[in-house]
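If you want the building blocks of each chain, they are given just below.
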Amino acid sequence: MDVDALLDDTRTRIVVCCGAGGVGKTTTAAALGLRAAERGRRTVVITVDPARRLAQSMGLVELDNTPRPVPLPESARGSLHAMMLDMKRTFDEVVREHADPERARQILANPFYQTLSTSFSGTQEYMAMEKLGQLRQSGEWDLIVVDTPPSRSALDFLDAPKRLGRFLDGRLIRFLSTPATGAFRLLGAGFNVVGSVVGKIVGTQFLADLRSFVSAFDTVFGGFQERAERTYRLLQTPGTAFVVVATPDTDAMREASYFMDRLAAESMPLAGLVLNRTHPLPSGPGARLGADEALAAAASLKEAGSHPLAAAALRLHAERVRAHEREERLRARMLSAHRGARVVEVPARPEDVHDLAGLRGIGVALAGGTEGAPSTGGAAGSGEAAPEDS
């Protein structure tokens, strides 16, 4: 995968980093954003990582729902902003934007809304899409890098907004929230009996809060699902590039494979796969030494009672070789299932990323390990390669 060609192409406006939890999506997104900024793009990174280490690595005290400028060296040709999604604040912004002040006050104070906006399944994913749409519409940045929420499944990022929209517009919630007026009045005692039974199950106060919420939320919901669908369509355009992140273990690779299949089925442009925390074979004279040979040599040294450090080094080498061979098998299996998929490997680092230099090192690895200055190439005058070809 030619990461620099992807980032330099001015037609690339959105890069979405996705994958299972714990595979390094947040660090990958931040490293891509930093590299793009240093190569001339006006970049903003949206992260949903609850940890503060990313803010610290960018030289910021904290991240919140407002994009904050990241201090870059003078050699940087572009700019970088970063933000951490606050799903309730984003939801509140949507309500205030699309409802009059009194209606907005009713919605924000409603107990059902407060539960929906903070803990309902799918709300975080929907609000990530909502914030993406807001940033894209503002036109302030020419590249948006999205770190998808740490969902149980990477597919939740695509599915949850639709689920939330269907829930809010579903027949059940409309039925529960509708008092016995109009057409329902014709049902007479039958509707009252149903309402009484439902009230006993969910609680009469919950039912009252739900009715109040739907009544007040009607003015906002008109464009609610429409915006979700518009952002979903935005993810299908050539200006969007999905970067699937995985670590070389069976579960993460399986999740990545599912996601790549889903992207293909939804006609969403896949830039490639980042295989994170790999263990390449060491260079040097002993690089060709196999695992069995290393273990045999270590056993001979132990039996002779000499060179304990050399024996330990040989055992470590054997573990490294076997880890590399296992990773190569997983990689080959992935590529056989997704022929033509582009891959870049990022070797495991001895310590966590904690500053811009660390992020820059990840960016260099993502670009194939080239040691050229970050400003080499750049967005100016580029545009030869389409995102889906990068």
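So, here's what we can say about the structure. Per chain, the residues get numbers from 1 upward, laid out in the order the sequence is written. Selection of residues for local features in this predicted model requires a pLDDT of at least 70, selection of side-chain atom pairs for listing and counting requires 80 or more, and totals for whole chains, interfaces and linings are taken over all residues. Note that the side-chain values use all heavy atoms of the structure and ignore hydrogens as well as water.

1. What to know about the packing of aromatic side chains
Phase 1 of the analysis: Ring pairs shown here join Phe, Tyr and Trp side chains whose ring centres sit within 6.5 Å, with only the six-membered ring taken for Trp; geometry is labelled stacked below 30 degrees between planes, edge-to-face above 60, and tilted in between. This model, assessed by the stated rule, comprises 2 aromatic pairs.
Phase 2 of the analysis: Ring centres of F91 and Y113 lie 5.1 Å apart, and the angle between their planes is 75°; this geometry places the pair in the edge-to-face category. In this pair, F91 sits in helix α4 (residues 87-98) while Y113 sits in helix α6 (residues 111-119), placing the two residues 22 residues apart along the sequence. The same class applies to F91 and to Y113, which are both buried.
Phase 3 of the analysis: Seen from their ring centres, F242 and F259 are 6.3 Å apart, and the 45° between their planes marks the pair as tilted. Residue F242 is found in strand β6 (residues 240-246), and its partner F259 is found in helix α13 (residues 250-265); the two are separated by 17 residues along the sequence.
Phase 4 of the analysis: The class for F259 is buried, based on a relative accessible area of 0%. Helix and strand definitions follow DSSP, with helices as H or I runs of at least four residues and strands as E runs of at least two, each counted in order from the N terminus. Each residue gets one of three labels from its accessible area relative to the maximum for its type: buried under 20%, exposed over 50%, partly exposed in between, using a 1.4 Å probe on protein chains only.

2. Quick look at the pattern of salt bridges
Phase 1 of the analysis: Here, a salt bridge means any side-chain nitrogen of Lys or Arg that lies within 4 Å of a carboxyl oxygen of Asp or Glu. The tally for this structure, following the rule as stated, stands at 16 salt bridges.
Phase 2 of the analysis: Note that D4 is salt-bridged to R39, the shortest N-O span being 3.5 Å. Of the two residues, D4 is situated in helix α1 (residues 3-8) and R39 in the loop between α2 (25-38) and β2 (42-47); the sequence distance between them amounts to 35 residues.
Phase 3 of the analysis: You can call D4 buried: its relative accessible area is 13%.
Phase 4 of the analysis: Relative accessible area serves as the criterion here: at 5%, R39 is assigned to the buried category.
Phase 5 of the analysis: Across the salt bridge formed by R262 and E266, the nearest N and O atoms sit 3.2 Å from each other.
Phase 6 of the analysis: We classify R262 as buried; its relative accessible area is 15%.
Phase 7 of the analysis: Put simply, D4, D8, R35 and R39 are held in one network by salt bridges that share partners.

3. Some thoughts on the packing of α4 against α6
Phase 1 of the analysis: A fitted line through C-alpha atoms serves as each axis, taken over the contacting stretch for helices, and the angle formed by two N-to-C directions is quoted from 0 to 180°. Interhelical geometry of α4 versus α6 gives an angle of 130° and a closest axis separation of 8 Å. Classified by the angle their axes make, α4 and α6 are oblique. Crossing hand, α4 versus α6: right-handed. For the pair α4 and α6, the contacting residues are M87, K88, F91, D92 and V95 in the first and Y113, L116, S117, T118 and S119 in the second.
Phase 2 of the analysis: Tallied by class, the residues present in the contact of α4 with α6 amount to 5 nonpolar, 3 polar and 2 charged. In this scheme, roughly parallel covers angles under 35 degrees and roughly antiparallel covers those over 145, while 65 to 115 is roughly perpendicular and the rest are oblique. A clockwise turn of the near helix away from the far one marks a right-handed crossing, whereas an anticlockwise turn of less than a right angle marks a left-handed crossing. Contact between two residues is taken to exist if any of their heavy atoms lie within 4.5 Å; hydrogens are not considered. Note that Gly is not counted as nonpolar here; it falls among the polar residues with everything else outside the nonpolar set of Ala, Val, Leu, Ile, Met, Phe, Trp, Tyr, Cys and Pro and the charged set of Asp, Glu, Lys and Arg.

4. Things to note about the side chain of T148
Phase 1 of the analysis: By the secondary structure assignment, T148 is in the loop between β5 (143-147) and α8 (156-168).
Phase 2 of the analysis: Assessed through its relative accessible area of 4%, T148 is described here as buried.
Phase 3 of the analysis: The residues touching T148, leaving out its near neighbours within four places in the chain, are V16, C17, C18, G19, K25, V48 and F157.

5. A few points about the environment of G272
Phase 1 of the analysis: Summarising the element assignment, G272 is placed in strand β7 (residues 270-278).
Phase 2 of the analysis: Accessibility expressed as a relative area gives 1% for G272, which makes it buried.
Phase 3 of the analysis: Between the C-alpha atoms of G272 and D2, which are 270 residues apart in sequence, the distance is 8.9 Å.
Phase 4 of the analysis: Non-local contacts of G272, meaning those with residues more than four positions away in its chain, are made with M1, F242, V243, V244 and R342.

6. Regarding the nonpolar core
Phase 1 of the analysis: Core analysis: the biggest nonpolar cluster contains 90 residues, and M58, L235, V243 and L366 have the highest contact counts within it.
Phase 2 of the analysis: Residue contributions to this core peak at 7 residues, all from α2.
Phase 3 of the analysis: Note on terminology: a nonpolar core comprises buried Ala, Val, Leu, Ile, Met, Phe, Trp, Tyr and Cys residues joined through side-chain atoms within 4.5 Å. Of all hydrophobic cores here, the second largest spans 8 residues; its members include A294, A311, L314 and A318.

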